[in-house]
Every structure is written in structure tokens, then in C-alpha cells.
Amino acid sequence: MRKLIDAVLIKGLPAADIKNANKVNLWIFLWACTLVATVMMQEMQIIQNSVVSLVAALVNLAMGVTMALTYRRMLHTLDEMERKIQYNALASAVAMAMLVYGASSILAKAAITPELDASWMLTIMAFTYSGGLIAGRLRMA
Amino acid sequence: MNNRLKLLRADKGWTQADLATQLDVSRQTIIAIEKGKFDPSLPLAFKAARLFDLTIEDIFNDHD
């Protein structure tokens, strides 16, 4: 149990790595906030103007690009074992997304299930990535 | 890959945290290397060799 807690809390990582990881978390939070806020405002018809939608999409895109660049910068300076764990988790998330998308496309074409929503893809990737990180840290502990 | 990192570290009287600080990696990385669960990169292996004033082959070997 203690190993699991340590794996979740990434215990023992150098302070600089934790600081960089917190920066990434902040940008992920901001990106998710702009995404959720924009979609909610569109659904509640607060945003009806296409120009405002375009601006909102650009703001979300800018947040996303900054998030990706901050993450890449963090990976370059990260502790080398943690970097390997991160790469493995990313690979698992991409593989899972491809597999789920492929299988759901077949099921949707056969009218067995509805088309897979993009938000589900993001959720599946996020959970696979997080699971991959914890599994990787437990494997190395 | 096998290694003598634990022995060499013990000879110097260093803790895993001491070695981690000197090699600029996390203590978890040192633990994983000592247990043979993680193979260090070439730059890290060179850094360790320089630290102990040995060659890489003196510390790491790929024999069982």
C-alpha cells in the first residue's frame, strides 16, 4: 500500500522535477478549464457568435500548445528513470486510444454502438496514461 | 544487466540519497539500478564511472 502511495505521489523526485511537473499540471488545468468552459457555454447557448467560438477555440489551442511545450521541456530535464516511465505511459495511452477508436469505429459502423465521443477518447487516454505512470513506478520500486 | 553499484556505494559509506545527489538523479533511480530493474543511460553510466574512478565495465556488466 505504501509503495502505491509513493507511486501516486512520485515520492523522491528531485525538487526541480517536481517544480516542472507542477507547471505542467497548472497548464493542463488551464487547458481543461478553457475546454470545459467553452463547450459548456456553447451548449448553454451563451456563445452563439461564430467569431466568439473561434476566439475561444484559439485560446484553448494556445493553452494546449503551451501545455504540450511545458510537458516536453519537463521531459527533457526529468530524472531519467521517471522519463522512461513517462514515455512508456504515453505509448500505452496512444496505443489504447488507437485500439479503442478502431474497435468503436467497427461497432459504430455496424450500428451496435453510437459514434465514440471525443471526450471519451480524452478520458480513456488520461486514465491509461495515469495508470501507466503508477504501474511503471511500482514496477521500478 | 548486473552492477556493483551497491557494493561500491557501501565502500564509500554513502547512502542511496548521497549517491543520487552526486549523480543528479532521484533516489528511486539508484534503488532501481541497484536492484537491476533499470539500466542507466550511457551518460549516467559514465558519470558513475567517473565518480568511483573506475571504468564502466568495472561497474556494469551484461553477464548473468
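This one's a predicted model, so the numbers in the text were calculated from it and none came from an experiment.

Explain the overall build of chain B to me, using residue names and the numbers behind them.
Summing up its helical and strand segments, chain B has five helices and two strands in all. Going residue by residue from the N terminus, the α and β elements of chain B occur as β-α-α-α-α-α-β. Along the first, second and third principal axes, the C-alpha atoms of chain B reach 25 × 25 × 20 Å. Scored against the burial criterion, the 64 residues of chain B give a buried share of 39%. Mean positive and mean negative side-chain charge positions of chain B (9 and 10 charges, respectively) differ by 7 Å.

Before we move on, could you go through the domain arrangement of chain A and cite the residues and values that matter?
Residues and elements named next belong to chain A. One can read the domain layout of chain A as domain 1 (11-78) and domain 2 (79-141). Taking only C-alpha atoms into account, the centre of domain 1 sits 19 Å from that of domain 2. Counting residues at the interface gives eleven residues for domain 1 and nine residues for domain 2. The largest contributions to the domain 1 side of the interface with domain 2 come from Y71, L75 and L78, which together make up 66% of the buried area. Run the count over domain 1 and domain 2 and you get zero salt bridges.

Explain the interface of chain B and chain A to me, using residue names and the numbers behind them.
On the chain A side, the residues contacting the twelve residues of chain B number eleven residues. Buried surface at the junction of chain B and chain A, both sides included, amounts to about 920 Å², of which 52% is carbon and sulfur. Contact with chain A buries area across many residues of chain B, yet Q28, K37 and F38 of chain B alone supply 51% of it, more than any other trio. The interface formed by chain B and chain A contains zero salt bridges. The interface formed by chain B and chain A includes four residue pairs in polar contact (both at pLDDT 80 or more). It is helix α3 (residues 27-34) of chain B that contributes the most residues to the side of chain B that touches chain A, four residues altogether. Among the residues making up the side of chain B that touches chain A, the classes are represented as five nonpolar, four polar and three charged.

Report on the packing of aromatic side chains, specifying residues and quantitative values.
All names here are of chain B. All told, the structure shown has two aromatic pairs over all chains when counted by the stated rule. Each ring, one from W14 and one from F52, has its centre 5.6 Å from the other, and the planes form 40 degrees; the classification is tilted. Residue W14 is located in the loop between α1 (5-12) and α2 (16-23), and its partner F52 is located in helix α4 (residues 42-52); the two are separated by 38 residues in the primary sequence.

So, how was this worked out
Residues numbered from 1 in each chain as written. Chains lettered and ligands numbered in written order. Predicted model: local features only at pLDDT ≥ 70, side-chain atom pairs only at ≥ 80, totals over all residues. Heavy atoms only, no water. Helix = DSSP H or I, 4+ residues; strand = E, 2+ residues; numbered from the N terminus. Buried < 20%, exposed > 50% of the residue type's maximum accessible area, 1.4 Å probe, protein only. Lys, Arg positive; Asp, Glu negative; His and termini not counted. Charge placed at Lys NZ, Arg CZ, Asp CG, Glu CD. Domains from an automatic or database assignment. Contact = heavy atoms within 4.5 Å. Buried area = accessible area lost by both parts, 1.4 Å probe. Salt bridge = Lys/Arg side-chain N within 4 Å of Asp/Glu carboxyl O. Polar contact = N/O pair within 3.5 Å; in protein donor to acceptor, adjacent residues only side chain to side chain. Nonpolar A, V, L, I, M, F, W, Y, C, P; charged D, E, K, R; others polar. Phe/Tyr/Trp six-rings, centres within 6.5 Å; stacked < 30°, edge-to-face > 60°.

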